[in-house]
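Architecture at a glance
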Amino acid sequence: MNKNVILEVLMKCNRCGLCQEVCPTYRVSGNEFAVARGRNRLIRMAIEGQLEFDKEPEIEQFINECLLCKACETNCPSGVPTPELISQVREYYTSTKGLPIAKKIMYRGVFSHNKRIDLVRRLAKVYQKTGIKTLVRMTGVNNIFNKADDMLPDLPKNSVRGQLPMLLKNIHQPKYKVAYFLGCSVNNFFSSIGVATIKVLQKNSCQIIVPDVNCCGAPHNSAGDQREFKRLAIKNLKELAKLDPDAIIVDCSTCGSILKEYVGLFENEPEYQKLAKQIAEKVKDISSFLIEIGFKKEMGEIKARVTYHDPCHGVRFLNVQEAPREILKSIPGIELIEMNEADMCCGGAGSYSIFYPKLSRQILSRKINNFKKTGASILATSCPACTMQLSFGMKLHELTSPVKHPVELLAEAYDNKAK
Amino acid sequence: MLKNEIINKLRKIVGSENVLNSKITMTTYAYDSSPFLGKPGAVVFPTTTEMIVEIIKLANKYNIPVTPRGAGTCLCGGAVGVEDAIIISLAKFNRILEINAVNRTALVEPGVVNKELQLAAEPYGLMYAPDPASQNVSTIGGNIAENAGGIRGVKYGCTKEHVLGLEVVLPSGEVITTGGLNSQVDPEIDLTYIFCGAEGTLGLVTKALLSLTPINSDTKTMTAVFATLEDAGACVSEIIAKGVIPTTMEILDNTVIKAVEDYAKLGLPKDAAALILLEVDGFPAETKAMVENIIQAFKNNNSINYKIAKDEKERQDLWKARRAVNGALGKLKPSNVVHDIVVPRDRLAVMLKKVAKIAEKYDIIIGQVAHAGDGNLHPTLYYDHRIPKEADVIEEACDEIIKETINEGGTISGEHGIGLEKLKYMPLAFSQPSLDYMKKIKESFDPENRTNPGILLP
Amino acid sequence: MEKNKLIEIFKTALKEEMLETNVEHNIDLLGSEYKPDLVIYPQSVDDLIKAVRLANEHKIPLYPIGSSSKFKSAVAPFTGGVLISTKRLNKIIEYRPDNMSIEVEAGMKINELQEALAKDNIFYPVEDRFTNATIGGQVAANSYGRKKYMYKSARFYVMGLEFVSPQGELVRVGGRTVKNVSGYDVSQLLTGSWGVLGIITKVTLRVRPIPQKRTQLEYITEDFSKVTEVIDSILKEQISLASLTFRKTDKKYLLQLELEGFVESLELQVNNLKDKYGFKDGSKSQIEVNNYSEAIISLPLDTYCQGLKEIEALKDSQGLIYQGNITNGLVELNSQLLNQELVNKITSVVNDLQGTLVYQGQRLTKKERGTGYIKVLKNLKSVVDPHHILIPQSLVLKE
């Protein structure tokens, strides 16, 4: 953490307060320590020596309660990059104190290893489907993870990777050669999204390769575990470098953003940065890619009113906003309606929902209420982390509206035509 | 720090989750949008008038000062409070109680964000006219305390012209209701207006009855570029002299244009000396006539070119950029001082020029944005507070600006308030008998000087 | 105190020509229940200051008056004391048409002010029924005119004041600028304070361009339900409505509608109103309601028609409703037709509709402002006027 550099940046904040308008944690709590200018003030006072990072647990708490959604930075007239500042402070805490045990288990213990995620999924499936769930709940062990088990979606039987032999086809005279970055969430929790992505790409004459990548490193990065983040990044870069695709497709906005962030990660390592830049150029969100290539419009009908939730990583990191909406509008029968605060964070923020459940649920409620007001029957979004959080929100509000990726709806529309 | 006994009593009144008193949380309530800092003893979040009455009574019993706080975006230091004050945040006291389309009124709690009220009134074809640049975050209570102006102020006036009545908790803890809907038919003194602009020193507003204005069917937003500030200022005078009452008329100088363009990327001309941004509204026949007059004024005053916004999006983009001025300028140097001077409109061009000369004289950066339509200028002076000489120079420059303002027959604060920032200028602006009269007002409302003490009166 | 003694006291600082004992001759609008000893006509603000200081020193009650058109409504009858008139303080101090502002002395008559402004196609929008009304009086009473719906009341035009405090200090507040938040808004406190907090000597007013056109339309019907229908509907129209008034004679209702604004807009609006409602060009003189009449009701707009209906429905209410200014929420009653029973019933009706009823100078409806209200006002009065010399019998400080 370069204190002088951070201080120069911090002083651009003149406390105008406009961040209050868009910061989700401020909107639900009304507290100054839950908004950019408040968090910036704490960082500034700690760097200037009026407070001490290590002696004030509340500083760490408030720093960790930031969603890193970037709404403040986008709305800030001075362009203060608060999420970046917060990330640097978290990195400082992690490197001096180490990760808290729960995060250590989850991130380094499970997410860093593909095989372990697979195992956890299968165990969790058993947990969900059998009486073990009731047992565990009775013991209250699940409380350690703040009843995270509640937030889990109905887990699929097979991961996407497990189904690849059946899904992937040889395309005759393909127009495009793409690599599909299969992220952990889609692979393990929302395989229907992965299945749809593969279907749609193949329908549009793309030959798909699915490289053997590991977690992109998003959770590790958000927790400030830079060491592990780099390790995972290097593995991914090496794997992706083996290929020469026209595009690297992501259907998870978070993975897409993180892959592009590898460039900044290797600021001081020119070899890897060169690789990262090459990769970053090719990374495309599925919706953007489909619009670019002019996807096939022969489809059947889906009669529904749909509204779109912008994942933070989509709208503010990848700058994807119009493409998913265009895809939805192109499907006959779909009435696309905008919801209020469509681009406000859903409160999921990866594992934020597990570690900061109160704020997460308040923000989620706000989102679901905005959804309700549209009268839509389907909520569309392009990030499985959002999908998990929003599905959980539907459950909490006793709604049955499904949460779908635009590519899932497109795949369905293609299928409907065939019928 | 306040004693535990007090904190516990406060917890009993508002609930423990609505009392903050840890060192770190207090740090985030020690500032507003001014350079001043306080040192709160506790922050409380009441949600009813009764809670506020209890808090005031408690403060009275233990002789603790109180300071009301809305969004904390005060520009003159009015929300930071004195040491160990109880900061009464109205942020959660924020319901819109009623919108009455026949009476064209809204009854709101003080924590309602200005923008929320706009959105709530819109379905009725109504708007709440005062729209300060901070409207997306500032609260009605704060707007009333500072008699906030707004970009629409030229035509629609500022906050006090839209307040019909208030419910106030007096420093004694008594609750009073002022004003009302009905035309006066028997003599009575209306105390509503002494609270507007009183900066929270005479009592706490707990309800406001506000007047709403019909949204006019036709709006035209225009920009014009000028090679000199004087030309722009003269153009403004001509528009007013022609009898045109625009909804809003703003002048941005070169420093401001550049800073805002970096943020908004609207294609504003970064080499222009001055930009006029204006809007007219009314029935279509009226706006057409007004636009014609305005274009004539542009031409008569050497405007380099002019544009009319072609659709609502372009219009919104222009106003978003304008509202971002205060923040956007923040990145020029680590610190800045914003002034809020008003001169009679026919002296606007002269004053713009004088400020530019002061910038030259002291060799400092001053960005100027003005609510030209009502003669309200916001010269912003930039400096690095870490360099002691710079701060001194800025102080001198400020003093000179204020002196010139008074010479021109103007006033030292148009809409930001006196707060802490302009205390030292009060004796320049008012004679001793006038200041004494104001002191008597304060004395009669708050004899113990506990309600937001230390501001407004030197 | 004896008249002669009074004159002796004031002669020490003022020229004899400013002192007048023949009160009745000079102040014709006051009734016989008011028996001051002396009228002073200061020729300058300095004179006025000297008079106030002497009054303080010798504890002599002082009553500032302009044209005295509003005096009786706010002051209880008294004997003894000194009237202090602004009659000779009637100059224009500073006129800035490019700033749309004018500073005048308090004794300037409204109609003289309008004449001075008319040359530049400018006007001061608050009208007064009394031809000799002064600006000082208007401001002290926060007057409003028939077109309050469009132009509001005096306080919205006061940019600044100069006044003499009850202790004889000269205070200048506000200024020539339309925006001002330096210190307390003392101008707004003095406005509508009916003279008890200080004697206004100068007012800086914000003025406006004269509207291009004024149109009066009328609508006549015997069907009461039609009246309330039209009223409800008109209030929802997007028109440049300046006033909507009515008068009832026998069974007939005459509605008058005034529009003010741009020529083209008005033309469109007039055509619409004629087509849609059957309004015709106005042919009668403008209905003018007396805000301080003997029996007057003030209602919020949203309960106005309800109020009319309920009063019409009362037993013995034939001919009771005389006329009203709908956009001002006012209903003027024929006071000769009132008896105690009717008065009680109407009080009840008006109370339920959150309105105000004033009969024979007494407010009969309840108004809950909280005990702190009059307390803080009295507090303020005691602090600024410790010897209680300025209008001791003021009705505004009555509990």
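For clarity, every value in this text was computed on a predicted model and none was experimentally measured.

1. Observations regarding the domain arrangement of chain A
Residue and element names in this part refer to chain A.
- You can read the domains of chain A as domain 1 (3–97), domain 2 (101–151), domain 3 (160–291) and domain 4 (295–418).
- Opposite the nine residues of domain 2 that make contact, domain 4 presents 10 residues.
- Here domain 2 and domain 4 share zero salt bridges between them.
- Put simply, domain 2 and domain 4 have one residue pair in polar contact (both at pLDDT 80 or more) between them.
- Listing elements by their share of the side of domain 2 that touches domain 4, those giving two or more residues are helix 8 (101–111) and helix 11 (148–151).
- Looking at which element gives the most residues to the side of domain 2 that touches domain 4, the answer is helix 8, with four residues.
- Split by residue class, the side of domain 2 that touches domain 4 holds six nonpolar, one polar and two charged.

2. Quick notes on empty space enclosed by the protein
Residues and elements named next belong to chain C.
- All told, the structure shown has 10 cavities of 30 Å³ or more when counted by the stated rule.
- Among the elements of the structure, strand 3 (62–65), helix 4 (71–74), helix 6 (135–141) and strand 10 (199–206) are those that each provide at least two residues to the lining of the second largest cavity.
- Here the element with the most residues in the lining of the second largest cavity is helix 6; it accounts for four residues.
- In terms of residue class, the lining of the second largest cavity is made up of 14 nonpolar, 11 polar and one charged.

3. Looking at the side chain of T347 of chain C
Residue and element names in this part refer to chain C.
- Tracing the chain through its elements places T347 in helix 12 (residues 340–352).
- Within the structure, the side chain of T347 is placed 2.6 Å from the backbone oxygen of V343, a separation counted as a polar contact.
- Each residue touching T347, except ones within four places of it in the same chain, is listed here: L357, L364 and T365.

4. Concerning the environment of N158 of chain A
Residues and elements named next belong to chain A.
- If you trace the backbone, N158 turns up in the loop between helix 11 and helix 12 (160–167).
- Each C-alpha atom, one on N158 and one on T139, is 29 Å from the other, the two residues being 19 residues apart in sequence.
- Apart from residues no more than four positions distant in its own chain, N158 is found in contact with R121, Q163 and S191.

Conventions used here
Residues numbered from 1 in each chain as written. Chains lettered and ligands numbered in written order. Predicted model: local features only at pLDDT ≥ 70, side-chain atom pairs only at ≥ 80, totals over all residues. Heavy atoms only, no water. Domains from an automatic or database assignment. Contact = heavy atoms within 4.5 Å. Salt bridge = Lys/Arg side-chain N within 4 Å of Asp/Glu carboxyl O. Polar contact = N/O pair within 3.5 Å; in protein donor to acceptor, adjacent residues only side chain to side chain. Helix = DSSP H or I, 4+ residues; strand = E, 2+ residues; numbered from the N terminus. Nonpolar A, V, L, I, M, F, W, Y, C, P; charged D, E, K, R; others polar. 1 Å grid on protein atoms, 1.4 Å probe; cavity = no way out; pocket = protein on both sides within 12 Å on 5 of 7 lines; lining within 4 Å. Points joined across faces, edges and corners; volume = space filled by probe spheres on them.

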